[in-house]
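Per-entry structural report
Here are the chains, one letter per residue:
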Amino acid sequence: MIKAIKKYFQIDGASNVDWKKFAYPKRFYNAVKYVHYRKSLPVDVPYYPLTAMLEISTFCNFKCPACERELYKKDTASTGGLFRENVRLEEVMRLSPLLPYLYSVYLVAGLGEPFINKEFWPIIDFLKAFDLKIGYFTNASLLDEEKIVETFRRRINTVLISMDTHEPSKYEMVKEGADFDHTVRMIKLFAQYRKKLSGTHPFHLGLNYIFRADNYADILPYLDFVKELGVEYVHCSSLIVHVEQMLEASFFNVPIKEKKKVFELARQKAQSLGIGLRLPNLEIDRKIRCCYPWHGISIFKGGDVASCPYFRTKRDFYFHAEPDSGLIAEKRSVKSTVIGNYLKENILEIWNGERIKQIRKGELKLEPHASPCDTCYYKFLLH
């Protein structure tokens, strides 16, 4: 059974499974049920989610041109109402019935920077009381040595920092309001503390890199930059096209042959430098089904619980994976994957509510066009 769990439980991407987290009966048996039912993909799932992405702030101190916050200023429905609030600790505490079953929680912040929330550390402490694996995503602008020390003192397991380029001018162009030198200093300081305190608990430090049509080849010198910073892992994904003006910048515009060449060089370089590297898939594997409706949830300010972190609300998307014709560029309205609201409903009952059952049926082809999963390119790991 342990081998089976290890085979199916690599849901964190950057880091290995922390087996000590399974010393609790509810979590252990939840994982065992997940392994047992994973291949059969039931519509009515007899276990609870294994992982959750949790938005804790919708404020941001940057104005990134490609961010939903900037693109949907006049279309707030597409971002769930575009709250200008922080999530409160008392709201997070409403998740208590679910937390004994979860293995991990990631504070991905949604459309905001998590350290803007003054209750960031109290929220961390509350979650750590359940001995969960905890990670957070940050733009590093508000990091300082005290926050880095607290990250280790509170035994946080994973930190992912958004750093799209090794060139100062490009960095400050794609992240309006950012300070390249400050970000570099904080990453190096994080790496120093990781080296000094690596024996205290499992900890993983990574950078997030977004592929665009105009920066994909930069990944090669970027890896040298990463090595210099002392970082162990790079998570690469591609630019999400939310509006028509962004189509030219899409990574999908780069010929497959060119991408394959760059990716192979990047893999070789990362291996030689001792850096972990996650790259998107380049071709559609039609055997893949979306895993989100069966293993995790995303939780947003206002209480919305979604089965997918990308297709939260109904909106237009411009790239789609068709089973027969492959990847196509076309403007289509994509359905919401909101499955309930934990501030209004029982969080445990939401997991097997009518909407998520409908989404699962859609992915299993039992109820076609019931969810965005039908033509989603994320599920094929093309993102």
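Whatever comes next refers back to the structure up there.
These remarks concern the structure in this document.

Some points on the overall build of the protein chain
Secondary structure assignment for the protein chain yields 13 helices and twelve strands. Looking at the protein chain as a whole, 55% of its 383 residues are labelled buried. The contacts in the protein chain between residues at least 6 apart in sequence include a share of 73% that link residues at least 24 apart. A total accessible area of about 17,200 Å² is found for the protein chain, and carbon and sulfur atoms account for 53% of it.

Side note on the pattern of salt bridges
The final tally for this structure, using the stated rule, is 17 salt bridges. Its salt-bridge partner being Glu-90, residue Arg-88 comes within 3.5 Å of it at the nearest N-O pair. Looking at Arg-88, the relative accessible area reads 37%, which means it is partly exposed. A residue is classified by how much of its surface remains accessible, and Glu-90, at 54% relative accessible area, is exposed. One continuous salt-bridge network, built from bridges that share partners, spans Asp-125, Glu-150, Arg-153 and Arg-154.

Considering the side chain of Arg-278
Mapped onto the elements, Arg-278 comes out in strand β7 (residues 276-278). This buried residue, Arg-278, is left without a salt bridge; Asp-164 holds the nearest opposite charge, at 12 Å. At 2.6 Å, the side chain of Arg-278 and the backbone oxygen of Cys-236 are in polar contact.

A look at the environment of Val-234
Take Val-234: it is sitting in strand β6 (residues 233-238). C-alpha separation for the pair Val-234 and Leu-207, spaced 27 residues apart in sequence, amounts to 4.9 Å. Not counting residues up to four positions away in its chain, the partners in contact with Val-234 are Leu-207, Tyr-209, Tyr-222, Leu-223, Val-226, Ile-275, Gly-276, Leu-277 and Arg-278.

Regarding unusual backbone geometry
You will see that Arg-155, though not glycine, has its phi angle at about 60°, which is positive. Mapped onto the secondary structure, Arg-155 falls in the loop between α6 (145-153) and β4 (158-162). With a phi close to 65°, Lys-365 is a non-glycine residue in the positive phi region. Assessed through its relative accessible area of 46%, Lys-365 is described here as partly exposed.

Concerning helix α9 (residues 219-229)
Of the residues making up α9, those classed as buried are Ile-219, Tyr-222, Leu-223, Phe-225, Val-226 and Leu-229. Across the axial projection of α9, the buried residues extend over an arc of 160°, all falling on one side. Elements in contact with the buried residues of α9: α8 (180-197), β5 (204-211), β6, α10 (256-273) and β7. Just downstream of α9 lies Gly-230, where phi reads positive at about 90°.

Some words on the packing of α8 against α9
Axis separation between α8 and α9 bottoms out at 9 Å; the angle between their running directions is 55°. Relative to α9, the element α8 is oriented oblique. The segment α8 lies against α9, with Phe-180, Val-184, Ile-187, Lys-188 and Ala-191 engaging Phe-225, Glu-228 and Leu-229. In terms of residue class, the contact of α8 with α9 is made up of six nonpolar, no polar and two charged.

Looking at the sheet that holds β6
An order of β7-β6-β5-β4-β3-β2-β1-β8-β9-β12 is seen for the ten strands of this open sheet, with the pairing classed as mixed. Lying at the two open borders of the sheet, with one neighbouring strand each, are β7 and β12 (338-341). Between one strand axis and the next, the sheet turns by 20° as a mean value, whatever way the strands run. Sheet analysis places strand β1 (residues 51-54) next to strand β2 (residues 104-107), joined by three bridges and oriented parallel.

Some thoughts on helix α13 (residues 354-363)
For α13, the buried fraction is high: seven of the ten residues fall into the buried class. Within α13, burial applies to Arg-355, Ile-356, Lys-357, Ile-359, Arg-360, Gly-362 and Glu-363. For α13, the secondary structure elements touched by its buried residues are α11 (292-295), β12 and α12 (347-350).

Here we look at the pairing of strand β10 (residues 315-322)
Among the eight residues that make up β10, six are buried, leaving the element largely enclosed by the rest of the structure. Pairing geometry for β10 and strand β11 (residues 326-334), over seven bridges, is antiparallel. Across the sheet, residue Phe-317 finds its bridge partner in β11, namely Arg-332.

Conventions used here
- Residues numbered from 1 in each chain as written.
- Predicted model: local features only at pLDDT ≥ 70, side-chain atom pairs only at ≥ 80, totals over all residues.
- Heavy atoms only, no water.
- Helix = DSSP H or I, 4+ residues; strand = E, 2+ residues; numbered from the N terminus.
- Buried < 20%, exposed > 50% of the residue type's maximum accessible area, 1.4 Å probe, protein only.
- Contact = heavy atoms within 4.5 Å.
- Areas by Shrake-Rupley, 256 points an atom, 1.4 Å probe, with all protein chains shown as cover.
- Salt bridge = Lys/Arg side-chain N within 4 Å of Asp/Glu carboxyl O.
- Lys, Arg positive; Asp, Glu negative; His and termini not counted.
- Polar contact = N/O pair within 3.5 Å; in protein donor to acceptor, adjacent residues only side chain to side chain.
- Arc of directions from axis to C-beta.
- Axes fitted to C-alpha atoms, helices over the stretch in contact; angles between N-to-C directions.
- Parallel < 35°, antiparallel > 145°, perpendicular 65-115°, else oblique.
- Nonpolar A, V, L, I, M, F, W, Y, C, P; charged D, E, K, R; others polar.
- Pairing = 2+ DSSP bridges.

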